[in-house]
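Commentary on secondary and tertiary structure
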Amino acid sequence: MASTETTSIPASAEAPDTAPDTAPAEAGRRPGPQPQGQTHADLAGVEAGLDALDSVQIQRPSLGQLLREKLLPPVLGALLVIGAWQLTYDLHVTASYNLPSPLDVWHSLTDLWYQGTLFSIIWTSVWRGISGFAMAVVIGTPIGLAVAQVKFLRAAVGPILSGLQSLPSVAWVPAAVIWLGINDQAMYAVILLGAVPSIANGLISGIDQVPPLFLRAGRTLGARGLSGARHVLLPAALPGYLAGLKQGWAFSWRSLMAAELIASSPDLGLGLGRYLENQRDASDMSGVMLGIILILVVGVAIDLLIFTPLERRVLRTRGLMQNAR
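Notes on the structure in this doc start here. Here the structure is a predicted model, which is why all the values come from computation and not from measurement.

Rules and cut-offs
- Residues numbered from 1 in each chain as written.
- Predicted model: local features only at pLDDT ≥ 70, side-chain atom pairs only at ≥ 80, totals over all residues.
- Heavy atoms only, no water.
- Phe/Tyr/Trp six-rings, centres within 6.5 Å; stacked < 30°, edge-to-face > 60°.
- Helix = DSSP H or I, 4+ residues; strand = E, 2+ residues; numbered from the N terminus.
- Buried < 20%, exposed > 50% of the residue type's maximum accessible area, 1.4 Å probe, protein only.
- Axes fitted to C-alpha atoms, helices over the stretch in contact; angles between N-to-C directions.
- Parallel < 35°, antiparallel > 145°, perpendicular 65-115°, else oblique.
- Left-handed = near helix turned anticlockwise from the far one by under 90°.
- Nonpolar A, V, L, I, M, F, W, Y, C, P; charged D, E, K, R; others polar.
- Core = buried A, V, L, I, M, F, W, Y, C linked by side-chain atoms within 4.5 Å.
- Contact = heavy atoms within 4.5 Å.
- Patch = residues over 30% accessible without salt bridge, like charges linked within 9 Å, V, L, I, M, F, W, Y side chains within 5 Å.
- Areas by Shrake-Rupley, 256 points an atom, 1.4 Å probe, with all protein chains shown as cover.
- Salt bridge = Lys/Arg side-chain N within 4 Å of Asp/Glu carboxyl O.
- Polar contact = N/O pair within 3.5 Å; in protein donor to acceptor, adjacent residues only side chain to side chain.

This part takes up the packing of aromatic side chains. Aromatic rings considered in pairs are described by the distance between their centres and by the relative angle of their planes. Within the structure shown, the criterion is met by five aromatic pairs. Between Phe 133 and Trp 249, the ring centres sit 6.0 Å apart and the planes meet at 85°, which makes this aromatic pair edge-to-face. Here the residue Phe 133 occupies a position in helix 5 (residues 118–149), and Trp 249 occupies one in helix 11 (residues 238–262), the gap between them amounting to 116 residues. The burial state of Phe 133 is the same as that of Trp 249; both residues are buried. Through pairs of rings, three or more aromatic residues link up here, namely Phe 133, Trp 249, Trp 253 and Phe 307.

Below, the structure written as structure tokens:
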């Protein structure tokens with residue numbers, strides 16, 4: 001009896017030692033069902049978080065804030081440039097016929113205003129630039145889609161597009177004049193040759209940055225061919241495409257100014273480039289400076305009125321509100 005009692009004591013003593021070691025391991029391997037109250041609490045927390053996200057309202061900046069952040073800095077920058085210009089004139093750093101004062105340039109502007117030719121000169125160039133850019137978009141977009149999607153075309157045409165983009169647009173002016181004559185067709189040809197490669201390369205770059213998951217998801221949903229390009233590829237490549245459009249407009253405007261500077265004909269009318277060249281022929285430095293300023297102002301205005309709002313809209317739709325301000 002004594003032996004049996006001594007052997008039964010260690011057996012009962014070992015049970016508490018092994019139970020704590022095995023219970024946590026088994027609990028970790030086989031988690032039991034959570035209490036129903038805890039599950040409801042978790043779901044309630046998730047719903048509250050989603051409701052909080054939905055209730056977040058984007059506060060649009062006030063008019064005063066927009067004027068402070070958007071209008072005031074460029075105005076101050078322009079005033080700074082004019083002040084430095086006036087100071088250089090007052091210090092007689094160079095002769096006045098080489099660098100007129102801002103007031104002299106203002107007088108040239110008012111002369112065009114009173115003659116009634118200011119807006120016609122600007123509109124002649126702006127209309128050519130916008131219409132030529134629109135044609136470049138119509139031509140460059142399908143070229144970019146085809147080159148980005150077809151490997152053979154990319155290998156064959158891709159280097160040519162890159163070479164054309166790096167070629168100065170002014171180099172096309174003599175050839176366009178010989179081919180088409182001194183007319184609007186030559187102007188548009190120079191614009192297309194300068195802008196189409198930039199637009200196509202921008203779209204190609206945007207398509208290359210599209211995640212493959214988007215394309216697979218589109219094919220799974222049946223978006224193939226033109227439908228896939230319209231509903232999946234182009235929207236996904238929109239940031240790169242928009243950058244290409246901005247660059248294409250810059251090339252369009254520069255190409256047009258180069259063509260108007262070189263080609264002269266009464267049939268072409270008087271645009272900004274031709275006005276600038278006429279003032280150079282007359283050795284009117286005030287008119288030359290006015291032509292340069294007008295070309296700069298038109299290019300900046302098109303960017304601010306068209307491309308900047310488009311960029312902000314794209315950023316908003318993609319949730320990048322901080323970058324869209």
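Position of Gln 209 among the secondary structure elements: in the loop between helix 8 (184–208) and helix 9 (212–220). Expressed as a C-alpha distance, the spacing of Gln 209 and Ala 237, which sit 28 residues apart in the sequence, is 7.1 Å.

Moving on, we come to the packing of helix 5 against helix 8. It is at 6 Å that the axes of helix 5 and helix 8 come closest, and there the two elements cross at 40°. Taken as axis vectors, helix 5 and helix 8 run oblique relative to one another. Along this stretch, helix 5 crosses helix 8, giving a crossing that reads as right-handed. Across the contact of helix 5 with helix 8, the residue classes break down as 21 nonpolar, seven polar and two charged.

Buried together is how nonpolar side chains tend to be arranged in soluble globular proteins. Among the nonpolar cores identified, the biggest contains 55 residues, and Ile 122, Ile 207, Leu 245, Trp 253, Leu 272, Val 298 and Phe 307 are the most heavily contacted of them. Elements with a minimum of two residues in this core: helix 4 (102–115), helix 5, helix 7 (172–180), helix 8, helix 11, helix 12 (272–281) and helix 13 (285–317). The leading source of residues in this core is helix 8, at 13 residues. In this view, Leu 245 contacts Phe 133, Val 137, Ile 199 and Phe 307; residues no more than four positions away in its chain are not counted.

Our next topic: a nonpolar patch on the surface. A surface patch of nonpolar side chains, amounting to about 610 Å² of accessible area, comprises Leu 67, Leu 71, Leu 72, Val 75, Leu 76, Leu 79 and Ile 82. By the element assignment, Val 75 lies in helix 3 (residues 63–90).

With that out of the way, let us pick up the pattern of salt bridges. Opposite charge on two side chains makes pairing possible when the charged atoms of those side chains draw close. Enumeration over the complete set of coordinates arrives at seven salt bridges. Across the pair Lys 246 and Asp 303 runs a salt bridge, and its minimum N-O distance is 3.5 Å. Highlighted residues: Lys 246 in helix 11 and Asp 303 in helix 13, separated in sequence by 57 residues. On the basis of relative accessibility, which here comes to 23%, the residue Asp 303 falls in the partly exposed class. A salt bridge links Glu 277 to Arg 280; the nearest nitrogen and oxygen atoms lie 2.8 Å apart. Of the two residues, Glu 277 and Arg 280 are both situated in helix 12; the distance of three residues between them amounts to about one turn of the helix. Linked by salt bridges that have partners in common, Arg 128, Asp 184 and Glu 260 make up one network.

What follows is about the side chain of Ser 169. Within the fold, Ser 169 resides in the loop between helix 6 (151–166) and helix 7. Residue Ser 169 is classed as buried on the basis of its relative accessible area, which comes to 10%. Among residues more than four places away in sequence, those in contact with Ser 169 are Val 190, Gly 194, Phe 251 and Ser 255.

It is the contact of helix 5 with helix 12, at a shortest axis distance of 8 Å, that shows an interaxial angle of 125°. When the axis of helix 5 is compared with that of helix 12, the two are oblique. Residues Ile 121, Ile 122 and Ser 125 of helix 5 touch helix 12, and the partners they reach there are Leu 272, Gly 273 and Tyr 275. For the contact of helix 5 with helix 12, the class distribution of residues is four nonpolar, two polar and no charged.

For the rest of this paragraph, the subject is the side chain of Gln 165. When you line up the elements, Gln 165 lands in helix 6. At 2.5 Å, the side chain of Gln 165 and the side chain of Asn 201 are in polar contact. Ignoring anything within four residues of it in the chain, the contact list for Gln 165 reads Pro 197, Ser 198, Asn 201, Gln 247 and Phe 251.

None of this, on its own, says anything about what the molecule does.
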